[in-house]
Amino acid sequence: MMVLGPSEDLQGYIIAQPASRLHFPPAHDITGTGVIDDYHHSDLANPVALDHGGEGASALLRAAEAAFANRGIGAAFVVCPAGWASKIKLLESAGYGTAAVWSIKR
């Protein structure tokens with residue numbers, strides 16, 4: 001887990017870890033894959049538009065990617081709600097694309 005900002009003014013956090021069988025079924029080769037399954041920054045508080053150009057949120061994402069690279073992890077899977085347009089925009093600008101869509105029927 002990485003955080004951005006001093007404890008009295010915490011601006012964001014990101015949880016980045018190597019992929020496990022909890023994340024991917026056995027048929028998938030997860031060697032060299034990391035998962036970011038929780039990620040928030042104050043720049044992403046508005047689900048429709050990025051605040052401050054997303055600079056802080058981008059820095060936090062780059063820090064997680066650097067931590068992955070230091071561990072020999074060359075691919076990252078990021079969990080992101082489909083309705084969170086500001087986070088999707090940030091991820092797309094960092095080179096991420098849609099890999100999976102989850103559906104629910106109630």
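Structure: above.
The text that follows walks through the structure, step by step, so that each part is easy to find. Everything numeric in this text was worked out from a predicted model, so none of it was measured.

A separate point is helix α2 (residues 85-93). Turning to α2, its buried residues number three or more, namely Ser 86, Lys 87, Leu 90 and Leu 91. Burial along α2 is one-sided: seen end-on, the buried residues are contained in an arc of 135°. Away from its buried face, by an angle of more than 90 degrees, α2 presents the exposed residues Lys 89, Glu 92 and Ser 93.

Core analysis: the biggest nonpolar cluster contains 15 residues, and Ile 14, Ile 36, Tyr 39 and Leu 61 have the highest contact counts within it. Of all the secondary-structure elements, those providing two or more residues to this core are β2 (12-18), β3 (33-41), α1 (55-70) and α2. The contacts of Leu 61, once residues within four sequence positions are left out, are Ile 14, Ile 36, Tyr 39, Leu 91, Ala 94 and Tyr 96.

Summarising the sheet, β2 and β3 pair through 7 bridges and their orientation is antiparallel. Looking at β3, one finds that Ile 14 is bridged to Tyr 39. Bridge analysis of β3 against strand β4 (residues 75-78) gives 4 bridges, and the strand direction is parallel. Within the sheet, the bridge partner assigned to Thr 33 lies in β4 and is Ala 75. Handedness of the crossover joining β3 and β4 through α1: right-handed.

With that out of the way, let us pick up the sheet that holds β3. Judged by pairing direction, the sheet is mixed, and its 4 strands sit side by side in the order β1-β2-β3-β4 without closing on themselves. Where the open sheet ends on each side, the last strands, each with one partner, are β1 (2-4) and β4. Neighbour to neighbour, the strand axes of the sheet diverge by 25° on average, direction disregarded.

Looking now at the pairing of β2. Bridging between β1 and β2 involves 3 bridges; their strand directions are antiparallel. Bridge assignment links Val 3 to a residue of β2, and that residue is Tyr 13.

What counts and what doesn't
Residues numbered from 1 in each chain as written. Predicted model: local features only at pLDDT ≥ 70, side-chain atom pairs only at ≥ 80, totals over all residues. Heavy atoms only, no water. Buried < 20%, exposed > 50% of the residue type's maximum accessible area, 1.4 Å probe, protein only. Helix = DSSP H or I, 4+ residues; strand = E, 2+ residues; numbered from the N terminus. Arc of directions from axis to C-beta. Core = buried A, V, L, I, M, F, W, Y, C linked by side-chain atoms within 4.5 Å. Contact = heavy atoms within 4.5 Å. Pairing = 2+ DSSP bridges. Right-handed = clockwise from strand over helix to strand, strands pointing away. Axes fitted to C-alpha atoms, helices over the stretch in contact; angles between N-to-C directions.

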